Amino acid sequence: MPNAALLQHNETQFRKSIVPLSPGMWTAVGYAASTQHMIEGESTVTIIDTSESTGAAEAVMAEFRKLTNKPVARIIYTHSHRDHISGASVFAHQAQTQGEPGEMPVEILASAGFNSDLVGQDASQILPHKALNRRTVAQFGIGLTAAERVSLGCGPGDRPMQGLGAGHVPPTRLIEADQPLDLDGVRVQLMMAPGETADHMVVWCPEAGVLFPGDNWYHAFPNLYAIRGTPYRDYAAWADSLSMLAHLGAEVLAPGHTMPVFGAAKVREVLTSTRAAILHVMQHTADGMDAGLAMDDIVASLRLPPELADKPWLGEYYGKAGWSARAYASGTLGWYDGNPTHLGTLASAERAAHMARLAGGAEALMHAARQTDDLQWRMELCDHLIALGEPAQQLKAETMEALAETEINATARNTYLWQARQLQSQDG
């Protein structure tokens, strides 16, 4: 049985619904990994973010059409993550016949720093493309059943996958700096707010009191480090952006994932407490590094303070504090942890052979792995056995399945289950 808190998070945060934010403003939740938003102007509408697939975008557009038939005049990308930019062609489709062949009549706005891994990538560049793809598939549980996946941590596990990544349309206008914008009679402010990505651009509607923060806030511990693999995310910049957003005095917060938040006091609380959680991870990790502590010990001792630990929106459904500490250490000082032992290395098989000799042979190592109740230790012993060529794949797979059932973090759960399936297929 999956972790009860993860099931509850999935039920409360990703229930499929069109949520009214203010007169003429709505958010679509639960139709895709991310949310989509519509702002109605005098004769046209504006779409903010477009989902990760054309299938999801079509479902959202059908619901939006029940609210208004006004044509889409513009699309705003809050940032370049593919789950926000891959359904744009669906929202723009109705207007394409109005322009000349090949012309895009719908204006698409994004930050001048817009830089997506979905388009314009140089395949000849030396990068671990296959590793990134494999880890992305594992993190999002692609290939698992909806029941196994439960959720993505940031969105529903059961969602349309048709046209995944197929509907991206490049921006037609890049925004260099904060500026006001008229959305056909609705005044908004576009504001640069680096956070989960450096190219984040939030949409602030001061008259309605509605703020669209992109992925700088959602109802889960922030994904300061994504286990699929990402360059270092600037924690300090993210915290600064949350402070800036908190001081706007928004009445409604409509995030790029999860349900909107209503009430100025609650909006300010979720933003300021999330900022405090980021700063706590930074301070705890820096203090531990300054004290010469091992990274494992820094992570093992990391706890949110009581005034933050009980906040439901800081549950580790998506990001994880321990992963964040490791990424902060690596992002600030690099891989070396100050312990000279780690300046050298042993191959996995060499280390496993030493461990087996200490245990009294591979058979004793296997016995220890089967007998321990510590699932993490069993996983580590299985790795030694596999490095020695011993048949421990099935035991490791079973251990990962057991860990998945206790895990509150959706991306960890998906990765455990996906990797278990890979080991079982190899073993079979």
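Residues numbered from 1 in each chain as written. Predicted model: local features only at pLDDT ≥ 70, side-chain atom pairs only at ≥ 80, totals over all residues. Heavy atoms only, no water.

A. Seen up close, the overall build of the protein chain. Per the secondary structure count, the protein chain includes 16 helices and 13 strands. Against the compact-globule benchmark of 22 Å for 428 residues, the protein chain has a radius of gyration of 23 Å, which places it among compact chains. Its C-alpha atoms put the protein chain at 80 × 45 × 45 Å along the principal axes. A total of 428 residues make up the protein chain; the buried ones form 51% of that total. When contacts within the protein chain are restricted to residue pairs at least 6 apart in sequence, long-range pairs at least 24 apart make up 68% of them. When the accessible area of the protein chain is evaluated, it comes to approximately 18,900 Å², of which 53% is carbon and sulfur surface. Measuring between centres, the 30 positive side-chain charges of the protein chain sit 3 Å from its 47 negative side-chain charges. (Helix = DSSP H or I, 4+ residues; strand = E, 2+ residues; numbered from the N terminus. Rg over C-alpha atoms; globule rule 2.2 N^0.38 Å. Buried < 20%, exposed > 50% of the residue type's maximum accessible area, 1.4 Å probe, protein only. Contact = heavy atoms within 4.5 Å. Areas by Shrake-Rupley, 256 points an atom, 1.4 Å probe, with all protein chains shown as cover. Lys, Arg positive; Asp, Glu negative; His and termini not counted. Charge placed at Lys NZ, Arg CZ, Asp CG, Glu CD.)

B. Up close: the nonpolar core. Within the largest apolar cluster, 47 residues are counted, with the highest numbers of intra-cluster contacts made by Leu211, Trp217, Phe221, Tyr235, Leu253, Leu271 and Ile278. For this core, the secondary structure elements donating two or more residues are β10 (201-205), α7 (235-246), α8 (264-290), α9 (295-300) and α11 (321-333). The biggest single contributor to this core is α8, with 7 residues. Once residues lying within four places of it in the same chain are set aside, the contact partners of Leu271 are Trp217, Leu242, Leu245, Ala246 and Leu253. (Core = buried A, V, L, I, M, F, W, Y, C linked by side-chain atoms within 4.5 Å.)

C. Seen up close, helix α5 (residues 129-139). Burial in α5 covers these residues: Val137, Ala138 and Gln139. Looking one or two residues beyond α5, the residue adopting positive phi is Gly141, at roughly 60°.

D. Local environment of the packing of aromatic side chains. One pass over the full model with this rule turns up 5 aromatic pairs. Their ring planes at 70° and their centres at 5.6 Å tell us that Tyr218 and Tyr318 sit as a pair that is edge-to-face. With a gap of 100 residues between them, Tyr218 in the loop between β11 (210-212) and α7 and Tyr318 in the loop between α10 (306-309) and α11 connect regions that are remote in the sequence. Here Tyr218 matches Tyr318 in class, with each residue buried. Centre to centre, the rings of Trp335 and Tyr336 are 5.9 Å apart; their planes meet at 70°, and the pair counts as edge-to-face. Geometry around Trp323 places Lys320 over its ring, the cationic atom sitting 5.7 Å from the centre. (Phe/Tyr/Trp six-rings, centres within 6.5 Å; stacked < 30°, edge-to-face > 60°. Lys NZ or Arg CZ within 6 Å of the ring centre and 35° of its normal.)

E. Representation of the pattern of salt bridges within the structure. According to the stated counting rule, one finds 15 salt bridges in the structure shown. We note a salt bridge from Glu316 to Lys320, for which the minimum N-O separation is 3.9 Å. Judged by relative accessible area, which is 17%, Lys320 ranks as buried. Ionic pairing is found between Lys320 and Glu407, a salt bridge with its closest N-O pair at 2.9 Å. (Salt bridge = Lys/Arg side-chain N within 4 Å of Asp/Glu carboxyl O.)

F. Expanded view of the sheet that holds strand β9 (residues 187-192). The 6 strands lie next to each other as β8-β9-β10-β11-β12-β13, forming an open sheet whose pairing is mixed. Of all strands in the sheet, those bounded by a partner on one side alone are β8 (179-182) and β13 (261-262). With 2 bridges joining them, β11 and strand β12 (residues 252-253) adopt parallel strand pairing. In the strand pairing of β12, Leu211 is matched with Leu253. (Pairing = 2+ DSSP bridges.)

G. Just the sheet that holds strand β7 (residues 173-175), in detail. Strand order across the open sheet formed by 7 strands is β1-β2-β3-β4-β5-β6-β7, with mixed pairing between neighbours. Because the sheet does not close on itself, it has two edges, and the strands there are β1 (17-22) and β7. Going from strand to strand, the sheet's axes swing by 20° on average, the running direction of each strand aside. Inspection of the sheet shows strand β5 (residues 72-76) paired to strand β6 (residues 107-111) by 3 bridges, in the parallel sense. By the bridge assignment, Arg74 is partnered in β6 with Glu107. Taken strand by strand, helix α2 (residues 54-64) contacts β1, β2 (25-29), β3 (36-40), β4 (45-48) and β5, and its axis lies near 30° from that of β3. (Axes fitted to C-alpha atoms, helices over the stretch in contact; angles between N-to-C directions.)

H. Focus on the pairing of β8. The sheet contact formed by β8 and β9 spans 4 bridges and is antiparallel. Looking at β9, one finds that Asp182 is bridged to Arg187. Taken together, β8 and the strand that follows it, β9, pair antiparallel across an intervening segment of 4 residues, in which Asp184 is found at a positive phi of about 55°.

I. Representation of the side chain of Gln13 in the model. Here Gln13 is to be found in helix α1 (residues 4-13). For Gln13, a relative accessible area of 9% gives the class buried. Only 3.0 Å separates the side chain of Gln13 from the backbone nitrogen of Met259, close enough to count as a polar contact. For Gln13, the contacting residues outside a window of four places in its chain are Val29, His219, Thr258 and Met259. (Polar contact = N/O pair within 3.5 Å; in protein donor to acceptor, adjacent residues only side chain to side chain.)

J. A nonpolar patch on the surface, seen in detail. Together, Ile142, Met161 and Leu164 make up an exposed nonpolar region whose accessible area comes to about 230 Å². Mapped onto the secondary structure, Ile142 falls in the loop between α5 and α6 (146-149). (Patch = residues over 30% accessible without salt bridge, like charges linked within 9 Å, V, L, I, M, F, W, Y side chains within 5 Å.)

K. How the structure looks around the side chain of Asp184. For Asp184, the location among the structural elements is in the loop between β8 and β9. We note that Asp184 is buried and unpaired, the nearest opposite charge coming from Arg74 at a distance of 5.5 Å. Discounting residues that sit within four places of it in the chain, Asp184 has contacts with Gly41, Glu42, Ser43, Thr44 and Arg74.

L. Structural view of the packing of α8 against α11. Orientation of α8 relative to α11, taken along the N-to-C sense of each, is 60°, at an axis distance of 9 Å. Between α8 and α11, the angle is such that the two are oblique. Every pair of crossing elements has a handedness; the one defined by α8 and α11 is right-handed. On α11, the residues touching Val281, Met282, Thr285, Ala286 and Met289 of α8 are Ala321, Ser324, Ala325, Tyr328, Ala329, Thr332 and Leu333. Of the residues that constitute the contact of α8 with α11, the class distribution is 9 nonpolar, 3 polar and no charged. (Parallel < 35°, antiparallel > 145°, perpendicular 65-115°, else oblique. Left-handed = near helix turned anticlockwise from the far one by under 90°. Nonpolar A, V, L, I, M, F, W, Y, C, P; charged D, E, K, R; others polar.)

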